[in-house]
Amino acid sequence: MPRLLSSAMALRRDPRMLKLPPYLSLVCIAVGFAWLLLLPLENYSRRTYISENALLPGQVHTYFGGSEQNIFRAYRREVDLLENKDNHQYDQYTRIREDEFQELTVCRYRINDRIEIFLKEVGVKVGRQNYTYHYAGNEHSGENIYGILQAPRGDATEAIVLVAAWKTVKDEINRNGVTLALTLARYFKRWSLWSKDIIIVIPPDSKAGTQAWVDAYHDAHDPAYVAPLPLKSGALQGALALDYAVDHRFEALHIIYDGTNGQLPNLDLINSMVNIAGGQMGVHTAIQGIESHSNNYQDRLHTILRGMMRQSLGLATGPHSSFIPYHVDAITLQPYGEGWHDEMTLGRIVEGTFRSLNNLLEHLHQSFFFYLLMHRDRFVSIGTYLPSAMLLAANFSIMAIFLWVKSGQASEAKVQTLSKSKASDSQETTRVISATLERDLFLPISVVTTCQALSVIPLFTFNNISSSIYEANLPLQILSPTFAIFTLASVILPWLISHLLSLYKATAQQFQLIKSFSLLFLGMSLATLATLNFSLAFLVGMLATPFTFVRTSSNRALRLGLAGLLTSIAPPVLVYSISQVLGIPILDILEGASFGWNVWGMYTSIVVWCVWWPSWVLGMVNVVGSPVA
């Protein structure tokens, strides 16, 4: 054992060991990326299955249909009459009575007034809720209406939610969705088998209305902007949203399941929906908007990448997304295509799903909450895909430790100087290779801390500028020049910091420590983020891989080339590039980001501005800096 320890200590002092970390980091990057490409293979994925036996999906006979179609058509006519109305003010008009030649002012009903009448006629308790959000200089307000159908066999401790927003995800009138929700409310009221309350929620839109309702239901709302709910039921066990704007028979169902900040519902809910729709009703289901899926490697990889892109952005993809942060499993059903299925088929699917959720004895918990779907019948669990993001994060940590060790060792020039001064002592000459230097930590820590503190400026500016614009009554277009100024300042900032470091006469050791602390923070942040939002951590990790290998150089051409490479992957530059490639105005991107922060609580901007951006700035500092010899 002593001999083994001495060998290990000798190996630790071997200068050849310092040549391994860069190659080890490169291996981590290559393996992490290759790991993701292996996931669509059969050996790395699993078939979906139902973990919660109490769900019993597709095991009940559904009765929705027949005469209910006449009720649906009657409600549809009423909904069509409300198409040009709103929920903010009465629509007043003047007419003249022919018998008395008298002008009368007549008030037509608002949308929610008519819906309230429909729900009360069914026999459910009705409540309303007003809300107002401010974002990017805009005001988004509306009024939610909902009804609670009390369970004949329950004690109001649990509830299931059916959401049908007036406007769909694509901002279309959700005619059939709202009509079907009203028809199902009337149909559900007639049955005595329910052990959980059923809540019918009809918000004015698919973006903010559901968020305001869910926040208020869990008492997590801001009373200054979101009103409390006058009526409540028990703990929400699940939610189903209808996004049904097509006026013709549909071919299949698109299951939308991505939540805010990349959160996902319990996989049992999706599997139950696929089982009920496909196995019982014969309706084809699709995910991630891929209508034609051949279940081969290319389609599986395409599905995974589309899902990762949506999860990394952190945007809400439908009314269901607002429920998932509160651990309420929810999905949105969106019919598409032209086929032979009608609203009665979708109604039976909803009935079968609610009957399954009604069987639950406890909250869904047995199946997966972290997964990547590559097909409606195949998925990858977190234990299989997580190592790919962890390897990318480990790459930064390895290089950070390598630079820390290297910064404490004397350079070759100093070693030669020391060896000449001690040439008379042969023993000292053999030890000089491992000569250590004292680390000057004040300047590196100050630079890294300053860059991290500066990251608060873009985070606060682009997320809270909305209130300033609104209060000052400034045009929304001010966001675009503000972002352009920030982009220019971001490009100039590393050069400015490098110039100040040259005035301070920063040494190569201090530049190494700056890079070490930066990579250490980036590695720890991405490793932590990977357990919460794998897709965002993997995307940022791949974009930040050049930070590992860039370094200061006396070669001017190499320095300018590396600076150009890093500038192309700067966060604001990439936002502009994405805007041009996708044809989306930069103003719309900034407006959407502000909406996500102020309404959905989206934390993507924190990762971009407080993790990725300062790491990029410090990486540029190491490229354009000129350390003192």
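Predicted model only: the values in this text are computed from it and were never measured.

Reading the values: rules and limits
Residues numbered from 1 in each chain as written. Predicted model: local features only at pLDDT ≥ 70, side-chain atom pairs only at ≥ 80, totals over all residues. Heavy atoms only, no water. Phe/Tyr/Trp six-rings, centres within 6.5 Å; stacked < 30°, edge-to-face > 60°. Helix = DSSP H or I, 4+ residues; strand = E, 2+ residues; numbered from the N terminus. Buried < 20%, exposed > 50% of the residue type's maximum accessible area, 1.4 Å probe, protein only. Lys NZ or Arg CZ within 6 Å of the ring centre and 35° of its normal. pLDDT = per-residue confidence, 0-100. Contact = heavy atoms within 4.5 Å. Pairing = 2+ DSSP bridges.

**Q** Got a minute to help me understand the packing of aromatic side chains in this structure?
**A** Each aromatic ring pair is described using two quantities: the centre-to-centre distance and the angle formed by the ring planes. Taken as a whole and assessed by the stated rule, the structure comprises 25 aromatic pairs. With 5.2 Å between their ring centres and 80 degrees between their planes, F64 and Y187 make a pair best called edge-to-face. Of this pair, F64 sits in the loop between β1 (46-47) and α3 (68-81) while Y187 sits in helix α5 (residues 175-189), and the two are 123 residues apart along the sequence. A ring pair is formed by F486 and W613, whose centres lie 5.6 Å apart and whose planes are at 35 degrees; its orientation type is tilted. Separated by 127 residues along the polypeptide, F486 in helix α15 (residues 479-504) and W613 in helix α22 (residues 604-624) bring together distant segments of the chain. Each member of the pair, F486 as well as W613, is classed as buried. Ring pairing ties together the aromatic residues Y63, F64, Y187, F188, W191, W194 and F354, which thus form one cluster. In this arrangement the basic side chain of K207 is found over the ring face of F595, its NZ or CZ atom lying 5.8 Å from the centre.

**Q** Mind showing me how you'd approach the confidence of the model for the chain here?
**A** Close inspection of predicted coordinates is inappropriate for parts of the model with low pLDDT. Put simply, the chain has an average pLDDT of 88, and 88% of its residues get 70 or more. A low-confidence stretch, residues 89-108 (pLDDT under 50), is modelled with 29 contacts involving residues beyond four sequence positions or located in other chains. Across residues 423-434, confidence stays below pLDDT 50; counting only partners more than four residues off in sequence or on other chains, it has 7 contacts.

**Q** Explain the pairing of strand β9 (residues 250-256) to me, please; I cannot follow it from the model alone.
**A** A regular strand carries its side chains on alternate faces of the sheet. Along β9, 6 of the 7 residues are buried, which leaves the element largely enclosed by surrounding structure. In terms of strand pairing, β9 meets strand β11 (residues 330-341) through 6 bridges, oriented antiparallel. Considered in β11, the bridge of I256 is made with T332. Examined bridge by bridge, β9 and strand β10 (residues 284-287) share 4 bridges and lie parallel to one another. Across the sheet, I255 pairs through a bridge with I287, a residue of β10.

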